[in-house]
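Examination of the molecular architecture
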Amino acid sequence: MDEEMTDDSQFPEAELARLADGSLPAARQKELHAELQRSPALARALAEQEQAVSLVRAIDIPAPDSLRRWLQEQTQEQTQTSPKRRRSWPRPRIAFPALGVAVAAVAAVVVIALSGSNSAPTLDQATRAALAPSTMPAPTESGAMTLDVSAGGIQFPYWEHTVGWEAKGARVDSLAGRKAVTVFYRDMDGTRRVGYTIVTGPPVHVNGGVRITSHGIPYTLKRAGETRLVTWLRNGHTCVIAGQGVTYHTLLKLATADLPA
Amino acid sequence: MRSIHRALPRLDPTSLGQHLDVLYRAAWALCGSREDAEDLVQETFTRVLARPRNVKDGGDRAYLMSALRNTFYSRLRSNSRRPRATATLDDVDAVESRANVQPERAAEVSEIFAAIDRLPDEFRLALAAVDILGLSYGEAAEALDTPEATITTRIYRARQRVVRELSDEPKAPSRSKVREGTGPDRSLA
């Protein structure tokens, strides 16, 4: 065990799983802890297990009230009759064939919206701009914690000395006839990248997502696959920060970096 | 076998409510969406309540996990293919904000469930039984009709995958990424 393990298949998986959740017998815990001290790879594997345990076991979302009421009704009636399906289920149900038609119709509308030059820009388009390659050199600091690039009168932030993200490039797009300026940033490790896009003009429509308010400003968090984004308004213009493999926490930290503490 | 069942205590229907929250969360982990989770829980309880059940002392939760799993597979078979939502930017996995759940927390939970949803069925079931429903490995093995050693291995790998999915670090290096130079943007045009 002196050598660091590199192959997961050599790990005592069952024991690590049990150690992480506290179900490993005490005697074996001691032995395994000794092995962990000799093997950083083993220790990392345990850390992953412990992280998963804390994440998953901390989920405390309650069942919907409607489901709780239904169960109460059923259990009260159970001694007399067999259970009935919920009669007043509040969630609208759509038959699958009808749902397919609806999805196809929505998809058609989206395609039309993306291709039409007269339509308003969508959040999807703004996000694509934020994820696209840069086409212009990195902007430079212009003082007062801002860069020498602006859109709709809003200067992009200079984050290098505040949150440690460096501007690396920029691009300008026309989304449905509206100017959209994007500045790309990378963290100091160079591993994470985000695009900060400002779409000028009236607010871009935002559907769904999770809304959160910070410093009195409403932000919307959304996700599509690997991409996460935060969007909000500055002086009436739509701002989007999007990236892949970046957490909501990081996105919110960036979006609120320029606000007073 | 029949005589053994007769000797077991009767499942008290009025006690089912205390398992509702965890069963709902387990169902969400299995289905990948809260709407399907609601349906799955409802169908599971409907089946359980259809007739009196004999369950060994303290085994209510394991019994419900077993019923949830059977109902889950039954629904899979009847649907022939597990329906999965396709995420788009305008139709994402929005999390319902409940009065007692902070939006940021709800978003995190949604991501954890999304990571669980990407696990193979067997891994999801093991994770749901042990880490969500809180069964011991032995109880999970019994509920899922799987050897205990297999359950522990599945748990290990399921947890590992979930954490890696949720990692803030870049994913597999093979993933196509836009590369940027550290100097002038000569590679960016």
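Rules and cut-offs
- Residues numbered from 1 in each chain as written.
- Chains lettered and ligands numbered in written order.
- Predicted model: local features only at pLDDT ≥ 70, side-chain atom pairs only at ≥ 80, totals over all residues.
- Helix = DSSP H or I, 4+ residues; strand = E, 2+ residues; numbered from the N terminus.
- Buried ≥ 20, exposed ≤ 12 C-beta atoms within 10 Å, placed from the backbone.
- Contact = placed C-beta atoms within 7 Å.
- Axes fitted to C-alpha atoms, helices over the stretch in contact; angles between N-to-C directions.
- Parallel < 35°, antiparallel > 145°, perpendicular 65-115°, else oblique.
- Pairing = 2+ DSSP bridges.
- pLDDT = per-residue confidence, 0-100.
- Core = buried A, V, L, I, M, F, W, Y, C linked by C-beta atoms within 7 Å.
- Left-handed = near helix turned anticlockwise from the far one by under 90°.
- Nonpolar A, V, L, I, M, F, W, Y, C, P; charged D, E, K, R; others polar.

A count of helical and extended segments in chain B gives eight helices and zero strands. Overall, chain B shows an N-to-C arrangement of helices and strands of α-α-α-α-α-α-α-α. In chain B, buried positions account for 41% of the 189 residues. Put simply, 64% of the contacts in chain B that link residues at least 6 apart link residues at least 24 apart.

A few words now on the overall build of chain A. Summing up its helical and strand segments, chain A has seven helices and 10 strands in all. Long-range contacts, defined as pairs at least 24 residues apart, comprise 54% of the intrachain contacts of chain A with a sequence gap of at least 6.

Bringing the packing of helix 3 (residues 40–57) of chain A against helix 6 (residues 121–132) of chain B into the picture now. At their nearest, the axes of helix 3 of chain A and helix 6 of chain B sit 10 Å apart, and the two run at 75 degrees to each other. Comparing their axes, helix 6 of chain B and helix 3 of chain A come out roughly perpendicular. Here Val53, Val56 and Arg57 of chain A of helix 3 of chain A lie close against helix 6 of chain B, whose contacting residues are Leu127, Asp131 and Ile132 of chain B.

Once that is clear, we can look at the environment of Asn70 of chain B. Of note, Asn70 of chain B is situated in helix 4 (residues 60–79). Each C-alpha atom, one on Asn70 of chain B and one on Leu144 of chain B, is 9.0 Å from the other, the two residues being 74 residues apart in sequence.

Residues and elements named next belong to chain A. Read from one edge of the open sheet, three strands run 1-2-3, paired in antiparallel fashion. Single-partner strands in this sheet number two, and they are strand 1 (141–143) and strand 3 (154–157). Averaged over all adjacent pairs, the angle separating strand axes in this sheet is 60 degrees, with direction ignored. Where strand 1 and strand 2 (residues 146–151) come together, two bridges link them in antiparallel fashion. In the strand pairing of strand 2, Gly143 is matched with Thr146.

Attention now goes to the pairing of strand 6 (residues 193–199) of chain A. Residues and elements named next belong to chain A. Counting buried residues along strand 6, seven of its seven residues qualify, which places the element largely inside the surrounding structure. Bridge analysis of strand 5 (residues 178–187) against strand 6 gives seven bridges, and the strand direction is antiparallel. When the bridges of strand 6 are listed, Val183 appears paired with Tyr196. What sits between strand 5 and strand 6 in their antiparallel hairpin is a turn of five residues, with Gly190 showing a positive phi close to 75 degrees. Summarising the sheet, strand 6 and strand 10 (residues 237–244) pair through six bridges and their orientation is antiparallel. In the sheet register, Ile198 faces strand 10, and the bridge partner there is Cys239.

What follows is about the sheet that holds strand 9 (residues 227–234) of chain A. All names here are of chain A. Strand order in this open sheet of seven strands is 4-5-6-10-9-8-7, and the pairing throughout is antiparallel. Because the sheet does not close on itself, it has two edges, and the strands there are strand 4 (165–175) and strand 7 (210–214). On average, each strand axis in the sheet is inclined to that of its neighbour by 20 degrees, with strand direction left out of account. In the packing of helix 6 (residues 123–131) onto the sheet, contacts are made with strand 4, strand 5, strand 6, strand 9 and strand 10, and the angle to strand 10 comes to roughly 55 degrees. Its contacts with the sheet place helix 7 (residues 248–255) against strand 4, strand 6, strand 7, strand 8 (217–224), strand 9 and strand 10, and it is angled at close to 25 degrees to strand 9.

On to the confidence of the model for chain A. Residues and elements named next belong to chain A. When pLDDT is averaged along chain A, the result is 80; 79% of the residues meet or exceed 70. The weakest mean pLDDT in chain A belongs to helix 5 (residues 96–115) at 37; the strongest belongs to strand 6 at 96. Low pLDDT (under 50) marks residues 1–7, which in the prediction has 13 contacts with non-local residues, meaning those over four places away or in another chain. In the model, residues 82–118 has pLDDT below 50 throughout and makes 21 contacts with residues more than four positions away in sequence or in other chains.

Further remarks concern the pairing of strand 9 of chain A. Residues and elements named next belong to chain A. As paired elements, strand 8 and strand 9 share five bridges and run antiparallel to each other. Residue pairing across strands places Lys222 opposite Leu229, the latter belonging to strand 9. Linkage of strand 8 to strand 9, two consecutive antiparallel strands, is achieved through a turn of two residues, within which Gly225 is found at a positive phi near 60 degrees. As consecutive antiparallel partners, strand 9 and strand 10 are separated by two residues, and within that stretch Asn235 has a phi angle of approximately 50 degrees, a positive value.

Of all hydrophobic cores here, the largest spans 62 residues; its most connected members are Ala26, Ala27, Ala126, Leu127, Ala129 and Ala140 of chain B. Sort the elements by how many residues they give to this core and helix 2 (residues 20–31) of chain B lands first, with 10 residues. Residues within four places of Ala126 of chain B in sequence aside, it is in contact with Ala140, Leu144, Ile151, Arg154, Ile155 and Ala158 of chain B. If you look at the next biggest cluster of nonpolar residues, it comprises 43 residues, including Val149, Trp165, Ala170 and Leu221 of chain A.

This paragraph deals with unusual backbone geometry. Its identity as a non-glycine residue notwithstanding, Asn235 of chain A has a phi of 50 degrees, on the positive side. Following the sequence through the fold, Asn235 of chain A ends up in the loop between strand 9 and strand 10. Located in the positive-phi region is Asp145 of chain B, a residue other than glycine, with phi close to 55 degrees. Locating Asp145 of chain B in the fold gives a position in the loop between helix 7 (137–143) and helix 8 (148–166).

Once that is clear, we can look at helix 6 of chain B. Most of helix 6 of chain B sits out of view: 10 of its 12 residues are buried. Along helix 6 of chain B, the residues that are buried comprise Phe123, Arg124, Leu125, Ala126, Leu127, Ala128, Ala129, Val130, Asp131 and Ile132 of chain B.

With that settled, consider the environment of Leu30 of chain B. All names here are of chain B. Within the fold, Leu30 resides in helix 2. With 28 C-beta atoms counted inside 10 Å, the residue Leu30 sits in the buried group. Separated by 90 residues in the primary sequence, Leu30 and Pro120 place their C-alpha atoms 9.8 Å from one another. Setting aside residues no more than four positions away along its own chain, Leu30 makes contact with Leu40, Phe72, Arg124, Leu125 and Ala128.

Take the packing of helix 2 of chain B against helix 6 of chain B next. Residues and elements named next belong to chain B. Interhelical geometry of helix 2 versus helix 6 gives an angle of 155 degrees and a closest axis separation of 9 Å. Regarding the angle of helix 2 to helix 6, the classification is roughly antiparallel. The chirality of how helix 2 crosses helix 6 is right-handed. Together, Val22, Arg25, Ala26, Ala29 and Leu30 of helix 2 and Arg124, Leu125, Leu127, Ala128 and Ile132 of helix 6 make up the contact between the two elements. Here the residues of the contact of helix 2 with helix 6 are counted per class, giving eight nonpolar, no polar and two charged.

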